[in-house]
Every structure is written in C-alpha cells, then in structure tokens.
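As a plain string of letters, each chain reads:
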Amino acid sequence: ALVDAPGALLPDTPARRAASSAAPLRGERAGGGSVPRLLEILLHAPAKSDLQTGAVLGLHAVRPGQAVVDAIFALPDAPSDREETLLWALAGAGVRDARVAPRLRALLARDPGATAPIALAFGDPALADDLRAAFDALTVPTDEDLDALRLGQALLSAAARLTPATDDTARWERLKHRITMVRARL
C-alpha cells in the first residue's frame, strides 16, 4: 500500500518517503510478484531519486533473482536513460546471465565511470579485459583533472577485482603500478 500510495511520485512528500522506504521490503516479502510494480517505479520515477533507488533495492531483494533478470530482458523498449539503473538491478539480482555482459560493454563504451562499479557488482571476470581496455583508452590525466583520475581509478579497481588469479603476472604488476600512481595523484 505504501509503494502504491497516491502522491508517491511527488517529491518531498511523506508518501514519497514512505514509498521509497517500503519498496525494498516489498521486494523481499512479495518476491517475484513484486517485480512488475518495482520495474514500473524504476522506469517512471525521477532518475536517481530516492524512489528509484528504493525500487532497485527492492529488485535486489527479490528471490529468486532470475525473475528480475527475465522481467528486465522482457521489457519491449526500455528507455536508454534508464539503462544504468536497469544494469544495477541486473547486477544485484545475483544471477550471472550471459545477456548482461553485452549490455555492460555497451554502457562501458558510453559511460565508463558509471559502468565500472556496476561491472564490479555483477562480478563477471570476463569483463576485466574490457575495463582494462577502457582504462588504456583514457588520455593521461593531469594532476588537476580529478574527474579523469577518479575514472581511471574506478576502471582499474574494478578490473583488479575481476581479474582471475591466473592472469599474466607481469601485465598485472604494470596495472597495479598504474593504479598506485592514480591513487597518489588523487
């Protein structure tokens, strides 16, 4: 009832605060039955709002997570401005579905800074090379360009955590040195 309350889409209202707080509980308690409504909220709530975040957290709480994955991939035409949020929901579903990695790679090409933490949360080691390639494609940032330094650190940190232990040791040592240099600049 709180998630569907009148006024839940209006900013700075008690109904909005209640809905954003209740959405994770709805996902946890209603399971797969809550997915259509939580996806509707995710797609229609203001971008990066507390309500949208609550819907994503609600989708993370749904078990089995495959219900979330299947529902997102069944969407006919998800708005492109919601792709990042949909990928967060997919990463939090806890299901390593092969259809997610291509979507992450597409977002990586458009917005590497947003993609790095999502790829890390998704946890697919196959994305490590893509993250390193995105890092290698960056221009060398100056000490004053903190955004570029943060982007480099995010990409390399995600790649480092996703890299299999059997990776080429010499290459990995060079990458670790580069991230150390980025951290020192930050």
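Not measured: the values here are computed from a predicted model. (Residues numbered from 1 in each chain as written. Predicted model: local features only at pLDDT ≥ 70, side-chain atom pairs only at ≥ 80, totals over all residues. Heavy atoms only, no water.)

## A few points about helix α9 (residues 146-162)
- Spanning 17 residues, α9 covers 24 Å between terminal C-alpha atoms, matching the ideal 24 Å at 1.5 Å per step.
- All buried positions along α9 are accounted for by Leu149, Leu151, Gly152, Leu155, Leu156, Ala158, Ala159 and Leu162. (Helix = DSSP H or I, 4+ residues; strand = E, 2+ residues; numbered from the N terminus. Expected span 1.5 Å × (residues − 1). Buried < 20%, exposed > 50% of the residue type's maximum accessible area, 1.4 Å probe, protein only.)

## A closer look at the packing of helix α8 (residues 128-137) against α9
- Where α8 meets α9, the axes come as close as 8 Å, and the angle between the chain directions of the two elements is 155°. Between α8 and α9, the angle falls in the class roughly antiparallel. Regarding α8 and α9, the two cross each other, and that crossing is left-handed. Taken together, the residues of α9 that come into contact with α8 (itself represented by Ala128, Leu131, Arg132, Ala134 and Phe135) are Gly152, Leu155, Leu156, Ala158, Ala159 and Leu162. (Axes fitted to C-alpha atoms, helices over the stretch in contact; angles between N-to-C directions. Parallel < 35°, antiparallel > 145°, perpendicular 65-115°, else oblique. Left-handed = near helix turned anticlockwise from the far one by under 90°. Contact = heavy atoms within 4.5 Å.)

## Here's the deal with the environment of Ala128
- Residue position: Ala128 is located in helix α8.
- Considered as a pair, Ala128 and Ala116 are twelve residues apart in the sequence and their alpha carbons are 9.8 Å apart.
- Setting aside residues up to four positions removed in sequence, Ala128 forms contacts with Ala159, Leu162 and Thr163.

## Some thoughts on the packing of helix α5 (residues 83-92) against helix α7 (residues 112-122)
- In contact at an axis separation of 8 Å, α5 and α7 are set at 15° when each is read in the N-to-C sense. Considering their axes alone, α5 and α7 lie roughly parallel with respect to each other. For the pair α5 and α7, the crossing hand works out as left-handed. Of α7, the residues touching α5 (which contributes Glu84, Leu87, Trp88 and Ala91) are Ala114, Pro117, Ile118, Ala121 and Phe122.
- Partitioned by chemical class, the residues of the contact of α5 with α7 number eight nonpolar, no polar and one charged. (Nonpolar A, V, L, I, M, F, W, Y, C, P; charged D, E, K, R; others polar.)

## Thoughts on the packing of aromatic side chains
- Under the counting rule described, the total for this entry stands at zero aromatic pairs.
- Lying across the ring of Phe73, Arg99 places its NZ or CZ 4.3 Å from the centre.
- Note that Arg103 overlies the ring of Phe73, its terminal NZ or CZ placed 5.1 Å from the centroid. (Phe/Tyr/Trp six-rings, centres within 6.5 Å; stacked < 30°, edge-to-face > 60°. Lys NZ or Arg CZ within 6 Å of the ring centre and 35° of its normal.)

## Regarding helix α1 (residues 14-30)
- Helix length check: α1, at 17 residues, gives a terminal C-alpha distance of 23 Å against a target of 24 Å (1.5 Å per residue), a fit within 8%.
- Buried within α1 we find Ala15, Arg16, Ala19, Ser20, Ala22, Ala23 and Gly27.
- Packing partners of the buried residues in α1 comprise α2 (35-44) and α3 (50-61).
- Count one or two residues on from α1 and you reach Gly31, which has phi positive near 60°.

## Some thoughts on unusual backbone geometry
- Cis peptide bonds are those with omega within 30 degrees of zero, and the linkage from Arg63 to Pro64 qualifies with 5°.
- One can find Pro64 in the loop between α3 and α4 (66-74).
- Even without a glycine there, the phi angle at Asp12 is positive, about 55°.
- Residue position: Asp12 is located in the segment before α1.
- Unlike most non-glycine residues, Lys48 shows phi in positive territory, near 60°.
- Turning to its location among the elements, Lys48 is positioned in the loop between α2 and α3.

Treat this as a map of the structure, not an account of what it does.
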